[in-house]
Amino acid sequence: MDNIIEFKNVSKTYPSGTHALNNASLEIEKGEFVFIVGASGAGKSTFLKLIMHEEIPSRGTIMVNGVNVTNLKRRKVPYLRRNMGIVFQDFRLIDKMTVYDNVAFAMRAIGSSPSAVRKRVPYILKLVGLSGKGNRRPSELSGGEQQRVSLARALVNNPAIIIADEPTGNIDPEMSFEIIELLSEINAQGTTILVVTHEHDLVRHFNKRVIEIEKGRVISDTKHNAEDLYAVTTALETEMPDIDEIVESVVSGDTAEFEPIKEAAAEDTQELPKEGN
Amino acid sequence: MKITGLGYLIKEGFKNVWHNRIMSIASVCVLVSCLVLTGSAVLFSRNVAQVVDSVSDSNETTFYIKENLSRVEAVYIGRDIAKVKNVADVEYYSKDEAIKKYKKTLGEDIFQRMADDNPLPDAYIVTMKDLSKYDSTVENILKIEGVKKVASRRETAKKLTKINDLVQTMSLWVVVALTIISLFIISNTIRATMHSRRFEISIMKSVGATNHFVRIPFVVEGMTLGFIAAVISTVAMFFLYDGVMSIITNVIPFTSIPIMDVIFYVAGAFVVSGMFIGALSGVISLRKYLKKEGNEILGW
């Protein structure tokens, strides 16, 4: 199968001197669903920025959809991005526009005809389960619904890849499952999905390929080593204690059983390298 | 580039003008002053050029003679002038006649007080055979004892041309300065809009909008400001020109260019240059922004 994303020995050093990626290599095939995990500052966002060509690598080669984008000319960058739909953690919806217009905006911005917009937007809103909410403002919707709008906007130009950067970071756990479920359905239609996440419950629940990045390197990839899945989820568990459980136990006054986790988390935080931006 | 989605982005540009109205008003004001000043300078020089043209074939030169000369002395001076080469005709023009003529053109009131104490000198009006020898003829006449100075419409034209040159140079610099200020203020206005729309810009870029597309609303905003300024400037020029010309022609009688002959050219030039400056401001203000990527656009 063809690779849709290919990193060959990619390094990225920011002007500040931070080594965000260190000789990272990985391949993602067309139609795959991949979770990217790793502590904050591990290099996940740099990885995404390199794919979107918001940053250029210091060393190495990046191929997207068969095209070498390592040193893509600036005026060609927009056309590269039309292959991708981006879903942000903070939704990035424009509140003075209706839900419909937020989704339509992505089409209008690349010059789609009004008739194409009229046909496509209702279809996509239905796909993400937001039929009938087109006239609402994003702020009138729940977090989960807002993320669906964001997803609809990412989907509307029919991209080959959906890149979701912590898509469940700002929504409650049940909604999170629904969003990933939705992404799985979209993936079933052939769209490649890349999800950056901290949430081990999600990663464990959906049995997908998991790539773990740490200190700028790919340290495990379940595609090449099935045991990595166990390692990754275990690592995530100790790294990222479930905040809801902690809150619950703090509220109920029973914090004893979480002390070790909190200590571990505190140590981890100290060890984390600072991200360059 | 497909242009089908343009309508939406153009509409956004118009909206920007209203959203940002305080800054829009400031931009329009500066641009109006720039355009009106340029327009005034151009119309001034057109009028001067017209006067210069109309008098260049006028073949009557006035030579004032010294005051307190006796009648006989004056007659001798007249004869001497007639002897100068290239002089076709000499005619005595007394200060009483002069003041009568002025009274006729300028109105009685101003000269009422001067009736007894006429400050004007006596003069000879000289007609020349060959106007191409004007300068040397004037020089020869001025050598005659008792001839004080020359005053012809030609001389006035010469002075006017000099003043015109000065005004042209000065207004050129003022216009250059004002154009730069306009560019600066309009691009700042647009930058303010851009700041409030940085979210949209970042989304446009992330979905793969080309820089041309990202620019459209801001260029439209600039052009709209330019157009509004052009319309206001045209109206202002119309009334300003009429008012100023009626005052000037009252003092210095000459046929000015009728405003209706030029107003359409003025309007056209204003619209073209106003919209050009506006569009340029839009492009300039976005330059830095377009180089930014992702969260940089949002200032994160």
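Worth saying up front: this structure is predicted, and the values here are computed from it rather than measured. (Residues numbered from 1 in each chain as written. Chains lettered and ligands numbered in written order. Predicted model: local features only at pLDDT ≥ 70, side-chain atom pairs only at ≥ 80, totals over all residues.)

A look at the overall build of chain A
So, point 1. Assigned secondary structure in chain A consists of 10 helices and 10 strands.
So, point 2. Looking at chain A as a whole, 43% of its 277 residues are labelled buried. (Helix = DSSP H or I, 4+ residues; strand = E, 2+ residues; numbered from the N terminus. Buried ≥ 20, exposed ≤ 12 C-beta atoms within 10 Å, placed from the backbone.)

A look at the overall build of chain B
So, point 1. Scanning chain B for helices and strands turns up 11 helices and 4 strands.
So, point 2. Looking at chain B as a whole, 31% of its 300 residues are labelled buried.
So, point 3. Considering only intrachain contacts with a sequence separation of at least 6, the fraction spanning at least 24 residues in chain B is 88%. (Contact = placed C-beta atoms within 7 Å.)

A short note on the nonpolar core
So, point 1. Within the largest apolar cluster, 109 residues are counted, with the highest numbers of intra-cluster contacts made by Ile36(A), Val103(A), Ala152(A), Ile162(A) and Leu31(B).
So, point 2. Discounting chain neighbours no more than four positions away, the residues touching Ile162(A) are Gly85(A), Val87(A), Ala154(A), Leu183(A), Ile186(A), Thr191(A), Ile193(A) and Leu194(A).
So, point 3. One finds Ile77(B), Ile81(B), Ala123(B) and Tyr124(B) within the second-largest nonpolar core, a separate group that totals 10 residues. (Core = buried A, V, L, I, M, F, W, Y, C linked by C-beta atoms within 7 Å.)

Describing the interface of chain B and chain A
So, point 1. With 18 residues of chain B at the interface, the matching set in chain A holds 18 residues.
So, point 2. The element contributing the most residues to the side of chain B that touches chain A is helix H8 (residues 198-206) of chain B, with 5 residues.
So, point 3. For the side of chain B that touches chain A, the class distribution of residues is 9 nonpolar, 6 polar and 3 charged. (Nonpolar A, V, L, I, M, F, W, Y, C, P; charged D, E, K, R; others polar.)

Here's the deal with the confidence of the model for chain B
Interpreting fine coordinate detail is not advised for predicted regions of low pLDDT.
So, point 1. Averaged over all residues, the pLDDT of chain B is 82; the fraction at 70 or higher stands at 90%.
So, point 2. In the predicted assembly, ipTM is 0.76 and pTM is 0.69. (pLDDT = per-residue confidence, 0-100.)

Here's the deal with the packing of helix H3 (residues 99-108) of chain A against helix H4 (residues 114-127) of chain A
All names here are of chain A.
So, point 1. Packing of H3 against H4 leaves a shortest axis separation of 10 Å and a crossing angle of 130°. Considering their axes alone, H3 and H4 lie oblique with respect to each other. Considering the relative orientation of H3 and H4, their crossing is right-handed. On H4, the residues touching Tyr100, Val103, Ala104, Met107 and Arg108 of H3 are Ala116, Val117, Arg120, Val121, Ile124 and Leu125.
So, point 2. For the contact of H3 with H4, the residue count by class is 9 nonpolar, no polar and 2 charged. (Axes fitted to C-alpha atoms, helices over the stretch in contact; angles between N-to-C directions. Parallel < 35°, antiparallel > 145°, perpendicular 65-115°, else oblique. Left-handed = near helix turned anticlockwise from the far one by under 90°.)

Notes on the sheet that holds strand S4 (residues 59-64) of chain A
Sheet strands line up and pair through hydrogen bonds in the backbone, either parallel or antiparallel.
All names here are of chain A.
So, point 1. Judged by pairing direction, the sheet is antiparallel, and its 4 strands sit side by side in the order S2-S1-S4-S5 without closing on themselves. If you trace the sheet from one side to the other, it starts and ends with strand S2 (19-29) and strand S5 (67-68), each paired once.
So, point 2. As paired elements, strand S1 (residues 3-13) and S2 share 7 bridges and run antiparallel to each other. Bridging from a neighbouring strand, Thr13 pairs with His19 of S2.
So, point 3. Strands in contact with helix H1 (residues 44-52) are S1, S2 and S4; relative to S1, the strand with the most contacts, it is inclined by about 120°. (Pairing = 2+ DSSP bridges.)

A short note on unusual backbone geometry
Residue and element names in this part refer to chain A.
So, point 1. With phi around 55°, Asn23 is a residue other than glycine that occupies positive phi space.
So, point 2. Position of Asn23 relative to the elements: it lies in strand S2.
So, point 3. The residue Phe91 is not glycine, and still its phi comes out positive at about 65°.
So, point 4. Note that Phe91 resides in the loop between strand S6 (84-87) and H3.
So, point 5. Residue class for Phe91 comes out buried when judged on the 22 C-beta atoms lying within 10 Å of it.

So, H4(A)
Residue and element names in this part refer to chain A.
So, point 1. Compared with an ideal rise of 1.5 Å per residue, which puts 14 residues at 20 Å, H4 spans 20 Å between its outermost C-alpha atoms and is within 8% of the ideal.
So, point 2. Listing the buried residues of H4 in full gives Val117, Val121, Ile124 and Leu125.
So, point 3. Considering only its buried residues, H4 is in contact with H3 and helix H5 (143-155).
So, point 4. Just downstream of H4 lies Gly129, where phi reads positive at about 80°. (Expected span 1.5 Å × (residues − 1).)

Points about the pairing of strand S3 (residues 33-37) of chain A
Residues and elements named next belong to chain A.
So, point 1. Where burial is concerned, most of S3 is hidden: 5 out of the 5 residues are buried.
So, point 2. Side chains Phe33, Phe35 and Val37 project from S3 onto one buried face, and the interleaved Val34 and Ile36 project onto a second face that is buried too.
So, point 3. Summarising the sheet, S3 and strand S8 (residues 192-196) pair through 4 bridges and their orientation is parallel. Residue pairing in the sheet places Val34 in a bridge with Leu194 of S8.
So, point 4. In terms of strand pairing, S3 meets strand S9 (residues 209-214) through 4 bridges, oriented parallel. Along S9, the bridge assignment pairs Val37 with Glu212.

Considerations on the environment of Asn164(B)
All names here are of chain B.
So, point 1. The residue Asn164 is located in helix H7 (residues 153-196) in this model.
So, point 2. Given 20 C-beta atoms within a 10 Å radius, Asn164 is considered buried.
So, point 3. Excluding residues that lie within four positions of it along the chain, Asn164 makes contacts with Ser45 and Val48.

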